[in-house]
Amino acid sequence: MKPDGDLIRRILGIGIPSGLENGMFQIGKLCVSSLTSTLGTSAIAANAVANTISGIATFPAAPWALHDPCRQPLPWRRRQKTGQVLRQDVYPDGNARFVLHQRLPVFTIPYIARLFSLSDTALNMCVTVMHWFSLFSVVCWATSFTLPNALRSGGDARYTMTVSIFSMWLFRVI
């Protein structure tokens, strides 16, 4: 039983950037939650329910964000071929599946939100937030999840960490 230094370096090369990325993402979520808490109880309730509904809405597409990148090995040493695989296979498939899965939640958001016994103000806030979420997630979800998973599967965790942290602070927190 002798440690394999090369294997350990490869694992840490993906694990450390991914861990930092997830840690920064949680800090960003905490910042957004602390901002929401200053807006009153209706906003807190609407945000909590919207987070739950968005988890339900993205649940069917989430496994594909992991499946697509792992379906075929990416030829990382031939960068042009890798870009071609990402553009033609991973990204369009992930986006198409997400659009397909988002059709039902978009039309049922008001009915799902009513199950949470919200006040009228919180219900209206939640429905508004979820409609905006649905609109932007159709455009951005596959890019935000499927594409980074494809890059990570090829061993490029540092780039995805950098882009994720930068975009999270720029778009989500600020």
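Residues numbered from 1 in each chain as written. Predicted model: local features only at pLDDT ≥ 70, side-chain atom pairs only at ≥ 80, totals over all residues. Heavy atoms only, no water.

## Describing the overall build of the protein chain
- Check the secondary structure of the protein chain and you find 6 helices and 0 strands.
- Starting at the N terminus and walking to the C terminus, you meet the elements of the protein chain as α-α-α-α-α-α.
- Within the protein chain, the fraction of its 174 residues that count as buried is 32%.
- With the model as given, the accessible surface of the protein chain reaches about 11,300 Å², and the carbon-plus-sulfur share is 67%. (Helix = DSSP H or I, 4+ residues; strand = E, 2+ residues; numbered from the N terminus. Buried < 20%, exposed > 50% of the residue type's maximum accessible area, 1.4 Å probe, protein only. Areas by Shrake-Rupley, 256 points an atom, 1.4 Å probe, with all protein chains shown as cover.)

## Here we look at the packing of helix α1 (residues 5–37) against helix α6 (residues 157–173)
- Taken N-terminus to C-terminus, the directions of α1 and α6 make an angle of 5°; their axes are 9 Å apart at the nearest point. When the interaxial angle is binned, α1 and α6 end up roughly parallel.
- Partitioning the contact of α1 with α6 into residue classes produces 14 nonpolar, 5 polar and 4 charged. (Axes fitted to C-alpha atoms, helices over the stretch in contact; angles between N-to-C directions. Parallel < 35°, antiparallel > 145°, perpendicular 65-115°, else oblique. Nonpolar A, V, L, I, M, F, W, Y, C, P; charged D, E, K, R; others polar.)

## Some details on the layout of surface pockets
- Taken as a whole, the largest pocket spans an internal volume of roughly 2,000 Å³.
- As for the largest pocket, its lining consists of 45 residues, of which F25, F133, S144, F145 and R172 are closest to the centre.
- Among the secondary structure elements, those contributing two or more residues to the lining of the largest pocket are α1, α2 (41–58), α5 (120–153) and α6.
- For the lining of the largest pocket, the element with the highest residue contribution is α5, accounting for 17 residues.
- Here the residues of the lining of the largest pocket are counted per class, giving 24 nonpolar, 17 polar and 4 charged. (1 Å grid on protein atoms, 1.4 Å probe; cavity = no way out; pocket = protein on both sides within 12 Å on 5 of 7 lines; lining within 4 Å. Points joined across faces, edges and corners; volume = space filled by probe spheres on them.)

## Notes on a nonpolar patch on the surface
- A cluster of nonpolar side chains, contributed by I8, L12, I16 and L20, occupies part of the molecular surface with about 360 Å² of accessible area.
- Within the element layout of this structure, L12 appears in helix α1.
- Judged by its relative accessible area of 44%, L12 is partly exposed. (Patch = residues over 30% accessible without salt bridge, like charges linked within 9 Å, V, L, I, M, F, W, Y side chains within 5 Å. Salt bridge = Lys/Arg side-chain N within 4 Å of Asp/Glu carboxyl O.)

## Overview of α6
- Here α6 is 17 residues long and its end C-alpha atoms lie 22 Å apart, about the 24 Å a rise of 1.5 Å per residue gives.
- All buried positions along α6 are accounted for by A157, T160, M161, S164, I165 and M168. (Expected span 1.5 Å × (residues − 1).)

## Remarks on the nonpolar core
- Formed by A46, V49, A50, I53, I109, A113, L118, A122, L123, C126, V127 and M130, the largest nonpolar core amounts to 12 residues.
- Looking at this core, the elements with two or more residues in it are α2, α4 (79–114) and α5.
- Per-element tally for this core: the top contributor is α5, with 5 residues.
- C126 has contacts with A46, V49, A50, I53, A113 and L118, leaving out every residue within four places of it along the chain. (Core = buried A, V, L, I, M, F, W, Y, C linked by side-chain atoms within 4.5 Å. Contact = heavy atoms within 4.5 Å.)

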